[in-house]
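One letter stands for each residue in the lines below.
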Amino acid sequence: MRTGAFLFSALSLVVGCSEVEVDPQGGGGQGGSGGSGGQGAGGSDYVPFPQSCTPSEVRGACDGESFQKCGNGTLDSCEICWTVDDGPEQCDTITEACDLTPTATCQALGYQSGETICSPACGHDIRDCDSCLGSPSQLACARPRLDGFDVMDIEIATNGDEIAAAWFSFGKVLHFARFTKDLQLIADKPGCGTIDGGGPISLAPAPGGWVVAVGGVGESPQMQIIRLDAEGIELGAPRLVANATFPSLVARPGATPYLVYSSTAHAASPGDVVAELLDETGAATWQAVLPNDAFGEITAAGFADPGLLVALREAETASTTLLVAIDETGAVSPARDVGLTNEIVLAAAAPGRVAAVWRRDESQELQWLDGSGEDVGAPVTLAPRDEIVVSQQRAVTVSNGRAVVMLAEDMQKTLTMFHVEQDGSYSVEPYTLATEPQGIAWVAGTQLGGDPVFAWTTYSAGDPAGDRFVLGSVKR
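Residues numbered from 1 in each chain as written. Predicted model: local features only at pLDDT ≥ 70, side-chain atom pairs only at ≥ 80, totals over all residues. Heavy atoms only, no water.

**Some remarks on the sheet that holds strand β23 (residues 336-337)**
Reasoning step 1: Judged by pairing direction, the sheet is antiparallel, and its four strands sit side by side in the order β20-β21-β22-β23 without closing on themselves. On the outer flanks of this sheet lie β20 (300-303) and β23, each paired with one strand and no other.
Reasoning step 2: Across four bridges, β20 lies against strand β21 (residues 308-313) in antiparallel orientation. The partner of A301 across the bridge, within β21, is V310. (Pairing = 2+ DSSP bridges. Helix = DSSP H or I, 4+ residues; strand = E, 2+ residues; numbered from the N terminus.)

In C-alpha cells form, the structure reads like this:
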C-alpha cells in the first residue's frame, strides 16, 4: 500500500547507496523459520548479506572529511551542526552506537530475539533480529539474505506454486526473487541494471512467468511493462507507455492480468485513469479510460472475477471517492460515490466479490463489495486511525472467503492482523504478528495454497544494516 507515502519518499528524500555486505566482528543472528542466519557469537557460519548493486562509501556518524573514528574500537562522540532553510545553525552531540563489536542485543533494541553485529557505519546490524512474536496463527517468519537497502516500493504475488517479490530501490535498481510456500529463498535476481525514471511498481503472474510494471516519476513519466519467464529472466524489450505512472497489475488466475494506471504529464499531478487487459506480449487487447481526472497515487484496483473494480479519487472534488466496475470486455459501468475514503486497498474475494480496506473518518474499515462496487453487509471497524502518522501501511488478502488484513499501527511499529469472515465476525481475535522498532516502510500481501503471506520492509535513512526485508505467513 503506497497511499500518501510514495511521492513523499521518492521526491523528498535524498540518500546514498552503501555496501550491504557486512564483515561480522561479533557473529550473526539466528535465522527465523525460513531464514538463514549464523550460529551466534562465534560467527563461523555467518552468511553475509549481498552487496548493493550500486555500492558507495559507508561512513559512520563521527566520520568527517578530515578524520575517521568509526572502526577504532572506541565509542566516540562528536558534534554535528546543520541549518534549515538558511536559518540559524543548530548543533547536537551524538555518540556511535557501537564500534567493531555490538553494545546492545536484539532484545535491548526492541526485537524478540536474534543477535546483532556492528555495521561498518558503527550502527547495530539488526537484519538478523527476530521481529515476529510467534503467535498461534503464525506459520513462518523469514529474513532472507537479500539486498533490501533503500527499498522504495515492494509487491509480492503467487502463481499457485511459488511466491515472487519485486522491489525497487532509490538507486533505481529493480529486484526480483522467488520463494517456496514455507518462505525459503529459491533464487534472487537483483538485475543490477538501473531503470531510468523508475517509480512505483506492481507485480502479477502471467502464463509461463510474471509481469512487472514500473511507473514513471517527474515530468513526462514513462511506464515500463516488463515480461519475465518463470525464473525471472526478462523476455524481450519492455513495453514503454508515455505519460504513465502508478501502475496496478490485477492478477487473473491462469490468465494474463489487467493493468490500471494514471495517464498524466507529471507524476505528481492528477490524470486520467486507464484500464487495460494485457495479452501475453504485454500489449493491450482493449483499453478503457475512466471519466474524471483522479489522483494516481490514491487509485486502487481489484479482481472482481471476471471483471475488475477500480477505486479512484476525483481531483476536482477531493472529498469524493468513486468505485467503477469494468467487465471483461472493457465496458465501464456507472460510478458509485462512496464519499471520503482514504488509503484504499482491494483484494479478490470470490466470483463477483471484492474485499476493500480503507480509512473512513477516524476508523480503519473492511467492507465487502460485489462486482459492481455495492456494499455486501455492513462495514467492519478494524481499528481507530493512528493520529500520529499521515497514513498507515496495510495489505489484505482473501483465502476461501476469509479476509486477512495486515495493518501497521503504533506509529508504523506494530503489525496487527485481522481475520474477518464475510458476515463481519472475527475467526480469531486481532493479534500482533510482529514489531519493528524502527517502523515499517512498505507492506504487501498475497496467498498461496490458502495461507496468507506478507512482506514488509524498514528504512534506516542511509545504513543498509538497518534495512530489514521480512516475510511472514499465517493460518487463514
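Next, the rest of the story.
**Some words on the state of the cysteines**
Reasoning step 1: Counted under the stated rule, the structure contains six disulfides.
Reasoning step 2: What pairs with C70 in a disulfide is C122, and their sulfur atoms sit 2.2 Å apart. On the sign convention where negative is left-handed, the bridge of C70 and C122, at about 105° about the S-S bond, is right-handed. Of this pair, C70 sits in the loop between α1 (6-12) and β1 (77-82) while C122 sits in the loop between β4 (117-118) and β5 (124-125), placing them 52 residues apart in sequence. The same class applies to C70 as to C122, namely buried. (Disulfide = S-S within 2.5 Å. Buried < 20%, exposed > 50% of the residue type's maximum accessible area, 1.4 Å probe, protein only.)

**Section: the nonpolar core**
Reasoning step 1: In terms of nonpolar packing, the biggest core is built from 19 residues, with I154, W167, F179, L183 and F469 touching the most fellow members.
Reasoning step 2: Other than its neighbours up to four places away in sequence, I154 contacts A166, W167, I201, W442, A444, A455, T457 and F469.
Reasoning step 3: Of all hydrophobic cores here, the second largest spans 18 residues; its members include A288, L312, L322 and I326. (Core = buried A, V, L, I, M, F, W, Y, C linked by side-chain atoms within 4.5 Å. Contact = heavy atoms within 4.5 Å.)

**Some details on the pairing of strand β14 (residues 222-229)**
Reasoning step 1: The pairing of strand β13 (residues 209-216) with β14 spans six bridges and is classified as antiparallel. If you follow W210 over to β14, its bridge partner there is L228.
Reasoning step 2: Bridge count between β14 and strand β15 (residues 239-242): four bridges; the pairing is antiparallel. Bridging from a neighbouring strand, M223 pairs with V241 of β15.

**Digging into unusual backbone geometry**
Reasoning step 1: Here the amide bond leading from D305 into P306 is cis, since omega sits at 15°, within 30 degrees of zero.
Reasoning step 2: On the secondary structure map, P306 appears in the loop between β20 and β21.
Reasoning step 3: For L183, which is not a glycine, the phi torsion comes out positive at approximately 75°.
Reasoning step 4: When you line up the elements, L183 lands in the loop between β10 (174-179) and β11 (185-189).
Reasoning step 5: Judged by relative accessible area, which is 0%, L183 ranks as buried.

**Overview of the side chain of S399**
Reasoning step 1: Mapped onto the fold, S399 is located in strand β28 (residues 394-399).
Reasoning step 2: Polar contacts involving the side chain of S399 include one to the main-chain carbonyl oxygen of G450, which spans 2.7 Å. (Polar contact = N/O pair within 3.5 Å; in protein donor to acceptor, adjacent residues only side chain to side chain.)

**Thoughts on the packing of aromatic side chains**
Reasoning step 1: The tally for this structure, following the rule as stated, stands at five aromatic pairs.
Reasoning step 2: For the ring pair F418 and Y426, a centre distance of 6.5 Å and an interplane angle of 35° mean the geometry is tilted.
Reasoning step 3: Assessed through its relative accessible area of 3%, F418 is described here as buried.
Reasoning step 4: Each member of the aromatic cluster is reached from another via a ring pair, and the members are Y258, W286 and F303.
Reasoning step 5: If you follow R252 out to its NZ or CZ, it ends over the ring of Y258, 5.2 Å from the centre. (Phe/Tyr/Trp six-rings, centres within 6.5 Å; stacked < 30°, edge-to-face > 60°. Lys NZ or Arg CZ within 6 Å of the ring centre and 35° of its normal.)

**Thoughts on the pattern of salt bridges**
Reasoning step 1: For the coordinates displayed, the defined rule picks out 13 salt bridges.
Reasoning step 2: Between D125 and R127 there is a salt bridge, and its shortest N-O distance comes to 2.7 Å. Per residue, the accessibility class of D125 equals that of R127, and both read buried.
Reasoning step 3: With a shortest N-O distance of 2.8 Å, E343 and R359 are connected by a salt bridge. Residue E343 is located in strand β24 (residues 342-350), and its partner R359 is located in strand β25 (residues 353-360); the two are separated by 16 residues in the primary sequence. (Salt bridge = Lys/Arg side-chain N within 4 Å of Asp/Glu carboxyl O.)

**Quick word on the confidence of the model for the protein**
Reasoning step 1: Scored by pLDDT, the protein has a mean of 87; 87% of the residues are at 70 or more.
Reasoning step 2: No element of the protein has a lower mean pLDDT than α1, which averages 35, and none a higher one than strand β30 (residues 414-420), which averages 98.
Reasoning step 3: Segment residues 3-44 is flagged for pLDDT under 50; beyond a separation of four residues in sequence, or across chains, it makes 134 contacts in the model. (pLDDT = per-residue confidence, 0-100.)

**As for the sheet that holds strand β9 (residues 163-169)**
Reasoning step 1: Pairing in this open sheet of four strands is antiparallel, and the strands run β8-β9-β10-β11 from one edge to the other. The sheet is open, and its two borders are formed by β8 (151-158) and β11, each paired with just one other strand. Each neighbouring strand pair of the sheet contributes to a mean axis angle of 15°, computed without reference to strand direction.
Reasoning step 2: Across four bridges, β10 lies against β11 in antiparallel orientation. The residue of β11 that forms the bridge with F176 is K189. (Axes fitted to C-alpha atoms, helices over the stretch in contact; angles between N-to-C directions.)

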